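Architecture and fold: a report
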Amino acid sequence: MTGLVIVGHGTRSAAGVEQFAALVERVRGRGDIGDVEGGFIELSRPPLTDAVGALVARGHRALVALPLVLTGAGHGKGDIPAAMAREQQRHPGLSYRYGRPLGPHPLLHEALEQRIDAALAGADRAGTGLAGADRAGTEPAGADRAGTWVALIGRGSTDPDANAEVAKVARLLWEGRGYAGVEPGFISLASPSVPAVLERLRRLGARRIVVAPYFLFAGVLPDRIVAQSAEFAAAHPDLDVRVAEVIGDCDTLADLVLERYAEALGGDIRMNCDTCAYRVLMPGFADKVGRPQRPHDHPDDPVGHHHHHGHDHHDHGHDHGSVAVVGGGPGPDDLITVRAKALLDAADVVVVDRLAPQGLLAGLRPDVLVVDAAKVPRGPSMAQEAINEALVSHARAGRRVVRLKGGDPYVFGRGHEEVQACVAAGVPVTVVPGVSSALAAPALAGVPVTHRGVAHDVTVVSGHLPPGHPDSLVDWAALARARGTVVLLMAVDTIGKIASVLIEHGRAPETPVLAVQDAGLPDQRSVPARLDEIGAVAAREGVGPPAVFVLGPVVALTTTGPTA
């Protein structure tokens, strides 16, 4: 018979580990499956690699891997399959069928109902210190359901589909059971929080509330639910607030494990992919689409000897953070890409440049942390090393970080330096291209950088370092011999020297040049000149950054006309 490996995420809670082990033993004791092992992908012993290794050592080459998770979030969708893929590399010829998450399922609803009834009967956790005039009562379960509101509290996730499942379970738990109402909430990473749900129920007129943790086993987060519920109850002594137990090791849960095992063997998985954030672009979660899945490194797994997670960030639920290096476009708020805007909407932290579209910051959620990473010419600036450290540290704390840059992050934006820093730190990172001012500024000023019969090439050059500077990598002589379009960025202070060198090496003095300042913004202006005059004209007209200089015959094709 095909062996079963039950895969848990892991917890710091000794009680949670004991409950997991008890469930594995309960399933094993049923005798319905020939061979059963259980292991964790991190934090707790035994590690998954030991569980799989034990089954392989007993001759199994085909397994069912069952994720012991309630919802289809990142652990079930990516972390556990990635860990199993690593086991296949360790054990050539090993195959496995993957079970679907446990919930939502009527058996879980029944278990939740039983835990709520126990809390109503006065059998909730001792020592929680919850308030209420009826706390000493032992009314029979169900007798006062009509006057009882339930706060169903899930883990919380950066996966919208997983959060929606908790809301669905709340509704199903309410249907037909006679409660006054059931409201969903989350202990981490998602809203509403435990205090917010309790306050909502209080305002709806609730006098008795049962807080039902939607968790399999004991752990840090269920303990936090108890603590926050107790704090709310202490502040509202007129309310009867009780906390139900977690689902825990029980026959109902074992029944569901066996059902999921049978489904996997029969190929009947029925997972919901229509609203999976890893497959479908969901508003606010664009960073997840197509994200590669990587296994965690368990400290007792040999690979973990070289790369341990610190795990301090697991206190808030262990959804790993990420960094998106995003190009914000040339300046106007509406010239950012759709994907970049979606990432901003989902961000927890935004590390922003001076030239990024500042107006978009006003639309961020109130709880978003904005880090000013401006580099002001001849003024204050944030060191690149400090920017890199901010990206990594916030991501390691489990936050979704957007590095919002002007233009395109890979066009003189040091974007790849930040990507390299994230990769070196083991932080997931993605890049979202932006509209570069090198192309946008000429276009907004009515200048095409290429045109049939006029210019077949365009060269984008950094003018930050003047010709002759020992650190400059630009071959100015070769550039002067070119016949096409040249676009100069960061050249306000060097345009005079650049023009002189280009003329010295053969570029015609009468070559038309257009300086475009504040492209796309209300104060945009264009200043025209000949190549041999642009330095003096730019100084006289007070051209300042941000400005783009475009030179070549295409400048004569401008359609909007220069403005100064």
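Reference entry: report on the structure contained in this document. None of these values were measured; they are calculated from a predicted model.

If you tally the helices and strands in the protein, you get 15 helices and 18 strands. In the protein, buried positions account for 54% of the 564 residues. Considering only residue pairs separated by 6 or more positions, the protein has 74% of its internal contacts joining residues 24 or more positions apart.

So, about a nonpolar patch on the surface. A contiguous nonpolar patch, built from Val 411, Phe 412, Val 458, Val 460 and Met 490 and spanning about 360 Å² of accessible area, is present on the exposed surface. Here Phe 412 shows up in the loop between strand S12 (400-405) and helix H11 (415-424).

Our next topic: the packing of aromatic side chains. Taken as a whole and judged by the stated rule, the model has three aromatic pairs. Centre to centre, the rings of Phe 20 and Phe 40 are 4.3 Å apart; their planes meet at 40°, and the pair counts as tilted. Separated by 20 residues along the polypeptide, Phe 20 in helix H1 (residues 14-30) and Phe 40 in strand S2 (residues 36-40) bring together distant segments of the chain. Grouping residues by exposure puts Phe 20 and Phe 40 together as buried. Seen in terms of ring centroids, Tyr 96 and Tyr 98 are 6.3 Å apart; in terms of plane orientation they differ by 90°. Their pairing is edge-to-face.

What follows covers the pairing of S12. Counting buried residues in S12 gives six out of six residues, a clear majority hidden from the surface. Neither face of S12 is exposed, since Arg 400, Val 402 and Leu 404 on one face and Val 401, Arg 403 and Lys 405 on the opposite face are all buried. In this sheet, S12 lies alongside strand S9 (residues 322-327) in parallel orientation, the contact comprising six bridges. Across the sheet, residue Val 325 finds its bridge partner in S12, namely Arg 403. Looking at chain direction, strand S10 (residues 349-352) and S12 are connected through four bridges and run parallel. Bridge assignment links Val 352 to a residue of S12, and that residue is Leu 404.

All right, on to the sheet that holds strand S8 (residues 240-243) then. Pairing within the open sheet is parallel, and its four strands lie in the order S6-S5-S7-S8. Each edge of the open sheet carries a strand with a single partner, namely strand S6 (181-186) and S8. Taking each pair of neighbouring strands and ignoring which way they run, the sheet shows an average axis angle of 20°. Sheet topology places strand S5 (residues 148-154) next to S6; six bridges connect them, and they run parallel. By the bridge assignment for S6, Trp 149 is matched with Gly 181. Helix H7 (residues 220-235) rests against S5, strand S7 (208-213) and S8 of the sheet, and its axis sits at about 170° to S8.

This brings us to the pattern of salt bridges. Summed over all chains, the structure comprises 34 salt bridges. In this structure, Glu 25 engages Arg 28 in a salt bridge whose closest nitrogen and oxygen atoms are separated by 2.6 Å. Of this pair, Glu 25 and Arg 28 both sit in helix H1, three residues apart, roughly one helical turn. In this structure Arg 28 comes out as partly exposed when scored by relative accessible area, which is 31%. In this structure, Asp 532 engages Arg 530 in a salt bridge whose closest nitrogen and oxygen atoms are separated by 2.9 Å. Salt bridges sharing common partners tie together Glu 25, Arg 28, Asp 35, Glu 37 and Arg 58.

This brings us to helix H12 (residues 437-444). For H12, the set of buried residues is Ala 438, Ala 440, Ala 441 and Pro 442. Those residues of H12 that are buried are in contact with strand S14 (458-462), strand S15 (485-489), strand S16 (512-517) and strand S18 (547-551). With a side-chain oxygen positioned 3.1 Å from the backbone nitrogen of Ala 438, the residue opening H12 is Ser 436.

Taking 1.5 Å as the rise per residue, H1 with 17 residues should run 24 Å; its terminal C-alpha atoms sit 25 Å apart, in good agreement. Of all the residues in H1, the buried ones are Gly 16, Phe 20, Leu 23, Val 24 and Val 27. Buried residues of H1, viewed axially, fall in a sector of 100°; they line one side. Turned more than 90 degrees away from the buried face of H1 sit Ala 14, Glu 18 and Gly 29, all of them exposed. Check the buried side of H1 and you find it contacts strand S1 (3-8), S2 and helix H8 (251-266). Looking one or two places after H1, you find Gly 31, whose phi comes out positive at around 80°.

Time to look at the environment of Gly 181. Tracing the chain through its elements places Gly 181 in strand S6. The exposure class assigned to Gly 181 is buried, which follows from its relative accessible area of 0%. Sequence-distant contacts of Gly 181, that is, excluding residues within four places in its chain, are made with Thr 148, Trp 149, Val 150 and Trp 174.

The rules we used
Residues numbered from 1 in each chain as written. Predicted model: local features only at pLDDT ≥ 70, side-chain atom pairs only at ≥ 80, totals over all residues. Heavy atoms only, no water. Helix = DSSP H or I, 4+ residues; strand = E, 2+ residues; numbered from the N terminus. Buried < 20%, exposed > 50% of the residue type's maximum accessible area, 1.4 Å probe, protein only. Contact = heavy atoms within 4.5 Å. Patch = residues over 30% accessible without salt bridge, like charges linked within 9 Å, V, L, I, M, F, W, Y side chains within 5 Å. Areas by Shrake-Rupley, 256 points an atom, 1.4 Å probe, with all protein chains shown as cover. Salt bridge = Lys/Arg side-chain N within 4 Å of Asp/Glu carboxyl O. Phe/Tyr/Trp six-rings, centres within 6.5 Å; stacked < 30°, edge-to-face > 60°. Pairing = 2+ DSSP bridges. Axes fitted to C-alpha atoms, helices over the stretch in contact; angles between N-to-C directions. Polar contact = N/O pair within 3.5 Å; in protein donor to acceptor, adjacent residues only side chain to side chain. Expected span 1.5 Å × (residues − 1). Arc of directions from axis to C-beta.

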